[in-house]
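Listed here are the chains, written in short residue letters.
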Amino acid sequence: MILFDSHSHIDDKCYDKDFQDMIDRAENENVQGIMIVGIDINTSLKAIKIAGNHKNIITSVGIHPHDAKYCSKENLDALISIAKDNPCVKAWGETGLDFNRMFSPVQDQEDCFTSQLEIAGNLDLPLIFHERDSKGRFYDILESDGPKSRKGVIHCFSGTKEDLFKYLDLGYYIGITGILTLKERGEYLRSIAPLIPEDRILIETDAPYLTPAPQKNKIRRNEPGFVKSVLLRLAEIRNTDPENLSQIIFNNTRTLYRVDF
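Residues numbered from 1 in each chain as written. Predicted model: local features only at pLDDT ≥ 70, side-chain atom pairs only at ≥ 80, totals over all residues. Heavy atoms only, no water.

Colleague: I'd like a rundown of the pattern of salt bridges, residues and numbers included.
Modeller: If the charged atoms of two oppositely charged side chains come close together, the side chains can form a pair. The tally for this structure, following the rule as stated, stands at 11 salt bridges. For the salt bridge of Lys 166 with Glu 162, the shortest nitrogen-to-oxygen distance reads 3.8 Å. In this pair, Lys 166 and Glu 162 both sit in helix α6 (residues 161-169), four residues apart, roughly one turn of the helix. Note on Lys 166: relative accessible area 30%, which makes it partly exposed. On the basis of relative accessibility, which here comes to 53%, the residue Glu 162 falls in the exposed class. Sharing partners across several salt bridges, the network here consists of Asp 18, Arg 25, Arg 221 and Glu 223. (Salt bridge = Lys/Arg side-chain N within 4 Å of Asp/Glu carboxyl O. Helix = DSSP H or I, 4+ residues; strand = E, 2+ residues; numbered from the N terminus. Buried < 20%, exposed > 50% of the residue type's maximum accessible area, 1.4 Å probe, protein only.)

Colleague: Quick rundown of helix α3 (residues 73-85)? Include the residues and the values.
Modeller: With 13 residues, α3 should reach 18 Å at 1.5 Å per residue; the first-to-last C-alpha distance of 18 Å fits that figure. Among all positions of α3, only Leu 76, Leu 79, Ile 80, Ile 82 and Ala 83 are buried. Buried positions in α3, seen along its axis, are confined to an arc of 165 degrees and lie on one side of it. Of the exposed residues in α3, the ones pointing more than 90 degrees away from its buried face are Lys 73, Glu 74, Lys 84 and Asp 85. Along its buried surface, α3 packs onto α2 (41-51), β3 (57-61), β4 (89-98) and α4 (106-123). (Expected span 1.5 Å × (residues − 1). Arc of directions from axis to C-beta. Contact = heavy atoms within 4.5 Å.)

Colleague: Describe the packing of aromatic side chains, naming the residues involved and giving the relevant values.
Modeller: Given two aromatic rings, their pairing is described by the distance between the two centres and the angle made by the two planes. A complete count under the given rule lists nine aromatic pairs for this structure. Ring geometry for Phe 129 versus Phe 138: centroids 5.7 Å apart, planes at 75 degrees, classification edge-to-face. For Phe 138, a relative accessible area of 0% puts it in the buried group. Taken together, a centroid distance of 6.2 Å and an interplanar angle of 90 degrees make the contact between Phe 157 and Tyr 167 edge-to-face. Here the residue Phe 157 occupies a position in the loop between β6 (152-154) and α6, and Tyr 167 occupies one in helix α6, the gap between them amounting to 10 residues. Each member of the pair, Phe 157 as well as Tyr 167, carries the same accessibility label: buried. Sitting over the ring of Tyr 139, Lys 166 keeps its end group 4.8 Å from the ring centre. (Phe/Tyr/Trp six-rings, centres within 6.5 Å; stacked < 30°, edge-to-face > 60°. Lys NZ or Arg CZ within 6 Å of the ring centre and 35° of its normal.)

Colleague: Tell me what's going on with the nonpolar core, and back it up with residues and numbers.
Modeller: Counting 68 residues, the largest nonpolar core has Ile 10, Trp 92, Phe 129 and Ile 174 as the members making the most contacts within it. Excluding its chain neighbours within four sequence positions, the residues that come into contact with Phe 129 are Thr 95, Phe 113, Leu 117, Phe 138, Leu 142, Arg 150, Gly 152, Val 153, Ile 154, His 155 and Tyr 172. The next biggest cluster of nonpolar side chains, apart from the first, holds 14 residues, and it includes Tyr 173, Leu 202, Phe 250 and Tyr 257. (Core = buried A, V, L, I, M, F, W, Y, C linked by side-chain atoms within 4.5 Å.)

Colleague: Account for the environment of Thr 160, naming residues and giving values.
Modeller: Structurally, the position occupied by Thr 160 is in the loop between β6 and α6. Setting aside residues no more than four positions away along its own chain, Thr 160 makes contact with Tyr 188 and Ile 192.

Colleague: Tell me about the packing of α2 against α3, residues and numbers included.
Modeller: Between α2 and α3, the shortest axis-to-axis distance is 10 Å and the interhelical angle comes to 10 degrees. It follows that α2 is roughly parallel to α3 by the angle criterion. Residue-level contacts link Ile 41, Ser 44, Leu 45 and Ile 48 of α2 to Asn 75, Ala 78, Leu 79 and Ile 82 of α3. For the contact of α2 with α3, the per-class residue count stands at six nonpolar, two polar and no charged. (Axes fitted to C-alpha atoms, helices over the stretch in contact; angles between N-to-C directions. Parallel < 35°, antiparallel > 145°, perpendicular 65-115°, else oblique. Nonpolar A, V, L, I, M, F, W, Y, C, P; charged D, E, K, R; others polar.)

Rendered as structure tokens:
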């Protein structure tokens, strides 16, 4: 079995004391690739520093919708320079809309989102998308803005069957997290996950968040090694061989992020 955690935040300070132990545990589970996702300038820079010491870690840069109120031209220009100067940067994001907690006003989120779509297109970087409770606005922007050839992944997909097919029609990958493994919260996701074409699936932890079962029963903090639990549950509900599925998903992730390890 070969695994790629396509979305993590292991730059978080909660890993500072045992970072190498956490990486070793991931390697023991044959996690051979990890994406650290930037949400602002500081996290992007820390992720790049980590990647410099680990050949199988890549990064993205971007501004999370929670921080859209800080999405100034100066900050975006700084991220553009960071992306251009660091070959470990393989994607832009996470970016999108989050109308759940409303840490940033709607207009700021939409303006920041559309700006980052344009930037990623100019830099020829795939996008890592965040969507929560946007009531269709996220899809409307994606559908109307830019070429359908744009590459990206819907991070932590937890939408409806209708949403799923809309995103697939736009050509995007679907990111599956530990939500899939949770008894009640993951019930609907398990019902539609078999509908995702195998060449459009990615698996992710979103570490340190969304710890999957069975680890969630003992450990609160998620980490890349736990992505194996997502893969095993996914293989079970799709009634397919987990080793074969792991290779397919690993290759999907390498294709999206254009890496060869």
